[in-house]
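# Structural characterization, general
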Amino acid sequence: MLRFAFLLILNLHFCNTPLFSQPSPGRAEHPNIIFIMADDHAVDAISAYGSNRIQTPNIDRLAREGMRFDKAFVTNSICAPSRAVILTGKHSHLNGVRDNVNTFDSSQQTFPKLLQQAGYQTAIAGKWHLKSEPTGFDFWKVLPDQGDYYQPDFRTPQGLVQEEGYVTDIITDEAIGWLDKSRDKSRPFLLVYQHKAPHREWWPSQGHLRDFKDKPVPEPASLFDDYSGRGTAARDAEMRISTHMGLTNDSKIKPELARRLGFEDFIPWYSNAYTNQYNKLTQEQRRNWEAVYGPINADFEKNTPSGDALTRWKYQRYMQDYLASIKSVDDNIGRLLDYLEKSGLAENTLIIYTSDQGFYLGEHGWFDKRFMYEESFRTPLIVRWPGRIKPGSANSDLVQNLDFAETILDAAGLPIPEDMQGRSLLPLLRGQEVEWRDALYYHYYEYPGIHAVKRHCGVRTARYKLIHFYYDVDEWELYDLERDPQEMRNVIAQPEYRAVKEELLGKLRALQVQYRDSDALAQEILLEDLNRK
Ligand code: SGN
Ligand code: CA
């Protein structure tokens, strides 16, 4: 009998009981955690990062009360891969999601699963983009693939459901609804709250349609970059505002008008995408939409720009819709913060704000992401944890989305599994002086593919960046970020950078070994063989 009781206790202890005996939401050692991620939100579109394009008072509130990371980066600047890295704390070659085409193997270890097993209540609302069903969540309601801006469908354990309204508001309703009504309030929680906005094709909410209509946005210095200082990859990428941005879907010119004026979108289905979104608007939404976009279409018909003037016009149109879509994200973060204050949850809740990667806002003449160049490699990262993080602080260590899972587990008082590859940011959040990494590793794979950005891997230190483009080219680029922050001049062939090049090459190889990137190692070895011949 005694033996049975002992075995029962042992079994309960090791198999299914939480790591901590009575997790309670009021205990500082088991904080609630809210992970907020927008899609394609560039640091230059956040006023806390000094944007001259937009005010984001609610995201700024997080920065004012927490820590802003100025050198936060991703490992692979594209959506599904970034999400898989965040969930697993492992690089793409180990978590299996190298590009947006791969399906996430959801049987693998993720931080939400580990928190759930330890007794946290877990939920996800919003964009998911990993194809397989979410696992490790007590509640999930996610967009299928990219999702729609208006009247979006959601995947749920019960099947697909369509909701009335604007996607950013609905995702927030779901998040707050779960916090308020559905969770077990005796336990700490993890809420993963992920917006679709401001992802292309940038359809603003009804309340923000006019926000940027008559406010010209400053043009970046490199809007008319001719790519002469770099290699084939920059020249061949299909993400130029001038050539590859659509007039219909992206600039909201009606397909019939675009056709009548002799314009053809770079990708023909863009105009269908426009029509599909437009047809989803309710009668009232259509009326409001026409009141703003009708005159834009009429002006375009009357004064149709061409050449550089057309690029400038498209850039302004792009910014108007992109920034207006961010306004809703910011409003809704305000709603969530207000709810946390009102419900007494604000104090013991750790909040992370980030994006799945950066984005080009006209720099180098581009939109989209993918490259290891700064604008898309970098990502916003703001962390608020009252009583733990010095309000209004900033950090400039080299950190990555590879570190998020480890940070969250550490903050929750849970062990960090050996096979995760990043590092907990907790010491940095506490403001401690610690030995930190001096280089970051990057590897992008989605080529051939949309936007035609060639495969590349590389390393970045505080001052330099070395990139190797491979697959159908074999080109190396080296940038001195101190002298050339906009990365306009590849200095790989300049004799004075020879030692830097050798040093960075050594770091690149070391990181490939450290992170066990056998794809890259195989590629490098192959190229070395080729070069020897
Ligand atoms: C869509 C977009 C692309 C974008 C990818 C990936 N085209 O295909 O511009 O690069 O998503 O974005 S669109 O016309 O359909 O908007 S990601 O953020 O999901 O990786
Ligand atoms: Ca994205």
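Scroll up for the structure.
Notes on the structure in this doc start here. Since we're looking at a predicted model, the values are computed, not measured.

Let's shift gears to the pairing of strand 16 (residues 475-480). In the sheet, strand 15 (residues 464-469) pairs with strand 16 via six bridges, with the strands oriented antiparallel. Within strand 16, the residue paired with Tyr464 across the bridge is Asp480. Between strand 15 and strand 16, which pair antiparallel and follow one another directly, the connecting turn spans five residues, one of which, Tyr471, has a positive phi of 100°.

Right, let's talk about the packing of aromatic side chains for a bit. Scanning the model with the defined rule gives 29 aromatic pairs in all. Residues Phe300 and Trp313 carry aromatic rings whose centres are separated by 4.5 Å and whose planes lie at 40° to one another, so their mutual orientation is tilted. Here the residue Phe300 occupies a position in helix 10 (residues 283-302), and Trp313 occupies one in helix 11 (residues 307-342), the gap between them amounting to 13 residues. Residue classification places Phe300 among the buried residues on the basis of a relative accessible area of 1%. Put simply, the rings of Tyr227, Tyr360, Trp366, Phe371, Tyr373, Phe469 and Tyr479 pair up and form one aromatic cluster.

To continue, consider the nonpolar core. Where a protein is soluble and globular, its nonpolar side chains tend to be buried together. Leu191, Ile333, Leu340 and Tyr353 are the most contacted members of the largest nonpolar core, which totals 48 residues. Per element, the largest residue contribution to this core is seven residues, and it comes from helix 6 (residues 167-182). Split by domain, the residues of this core number at least three in each of domain 1 (28-202 + 324-432) and domain 2 (229-320). If we skip the residues at most four places from it in the chain, Ile333 touches Ile36, Asn58, Ile59, Leu62, Tyr193 and Tyr353. Judged by nonpolar contacts, the second largest core, of 44 residues, contains Ile33, Phe111, Leu381 and Ala411.

Before going further, it helps to spend a moment on the coordination of the calcium ion (ligand 2). Those protein atoms acting as donors to the calcium ion (ligand 2) are Asp39 (OD), Asp40 (OD), Asp356 (OD), Asp356 (OD) and Gln357 (OE1), and they sit at 2.1 to 2.8 Å. In primary-sequence terms, the residues that donate to the calcium ion (ligand 2) follow D-D-x315-D-Q. Of the residues examined, Asp39 reaches a relative accessible area of 0% and is grouped as buried.

What follows is about the pattern of salt bridges. Taken as a whole, this structure holds 36 salt bridges when the rule is applied. Taking the shortest distance from any N to any O, the salt bridge between Arg463 and Glu482 comes out at 3.6 Å. With Arg463 in the loop between strand 14 (456-460) and strand 15 and Glu482 in the loop between strand 16 and helix 15 (498-514), this residue pair connects regions lying 19 residues apart in the sequence. Residue Arg463 is classed as partly exposed on the basis of its relative accessible area, which comes to 25%. Exposure remark for Glu482: the relative accessible area of 57% places this residue in the exposed category. Via salt bridges that share partners, Asp40, Asp368, Lys369, Arg370 and Glu446 belong to a single interconnected network.

Attention shifts here to unusual backbone geometry. The omega torsion of the bond from Ala197 to Pro198 falls at -5°, within 30 degrees of zero and hence cis. Relative to the helices and strands, Pro198 resides in the loop between strand 8 (189-194) and helix 7 (232-236). You will see that Tyr227, though not glycine, has its phi angle at about 65°, which is positive. Mapping Tyr227 onto the fold places it in the loop between strand 8 and helix 7. Relative accessible area serves as the criterion here: at 4%, Tyr227 is assigned to the buried category. Residue Ala452 is not a glycine yet carries a positive backbone phi of 50°. Within the secondary structure, Ala452 is located in the loop between strand 13 (440-444) and strand 14. Judged by its relative accessible area of 12%, Ala452 is buried.

So, on to the site of ligand 1. Of all residues adjacent to ligand 1, which total 21 residues, the nearest are Gln146, Asp368, Lys369, Arg370 and His451. In the environment of ligand 1, an oxygen atom lies 3.0 Å from a nitrogen or oxygen atom belonging to the backbone of Cys79. At 2.7 Å from an oxygen atom of ligand 1 is found a side-chain nitrogen or oxygen belonging to Asp368. By residue class, the composition of the shell around ligand 1 is five nonpolar, seven polar and nine charged. For the shell around ligand 1, the two domains that each supply at least three residues are domain 1 (28-202 + 324-432) and domain 2 (229-320).

By the element assignment, Thr172 lies in helix 6. Among the polar contacts made by the side chain of Thr172, one reaches the side chain of Tyr193 at a distance of 2.7 Å.

Another aspect to go through is the environment of Tyr49. Within the fold, Tyr49 resides in the loop between strand 1 (32-38) and helix 2 (57-65). The spacing of Tyr49 and Asp474 is 425 residues in sequence and 36 Å in space, taken between C-alpha atoms. Here the side chain of Tyr49 touches Phe69 through a polar contact of 2.7 Å, landing on its backbone oxygen. From its side chain, Tyr49 meets the backbone nitrogen of Leu381 in a polar contact 3.0 Å long.

Right, let's talk about the environment of Tyr166 for a bit. Looking at where Tyr166 falls in the secondary structure, it is placed in the loop between strand 7 (159-162) and helix 6. Taking the relative accessible area as the measure of exposure, Tyr166 reaches 5% and is therefore buried. Sequence-wise, Tyr166 and Asp148 are 18 residues apart; in three dimensions their C-alpha atoms are separated by 8.7 Å. Excluding its chain neighbours within four sequence positions, the residues that come into contact with Tyr166 are Tyr149, Tyr150, Trp203, Pro204, Ser205, Ser325 and Ser328. A distance of 2.7 Å separates the side chain of Tyr166 from the backbone oxygen of Trp203, its partner in a polar contact.

Conventions we followed
- Residues numbered from 1 in each chain as written.
- Chains lettered and ligands numbered in written order.
- Predicted model: local features only at pLDDT ≥ 70, side-chain atom pairs only at ≥ 80, totals over all residues.
- Heavy atoms only, no water.
- Pairing = 2+ DSSP bridges.
- Helix = DSSP H or I, 4+ residues; strand = E, 2+ residues; numbered from the N terminus.
- Phe/Tyr/Trp six-rings, centres within 6.5 Å; stacked < 30°, edge-to-face > 60°.
- Buried < 20%, exposed > 50% of the residue type's maximum accessible area, 1.4 Å probe, protein only.
- Core = buried A, V, L, I, M, F, W, Y, C linked by side-chain atoms within 4.5 Å.
- Domains from an automatic or database assignment.
- Contact = heavy atoms within 4.5 Å.
- Donors = N, O, S within 2.8 Å, 3.2 Å for Na, K, Ca; no water.
- Salt bridge = Lys/Arg side-chain N within 4 Å of Asp/Glu carboxyl O.
- Near = heavy atom within 4 Å.
- Polar contact = N/O pair within 3.5 Å; in protein donor to acceptor, adjacent residues only side chain to side chain.
- Nonpolar A, V, L, I, M, F, W, Y, C, P; charged D, E, K, R; others polar.

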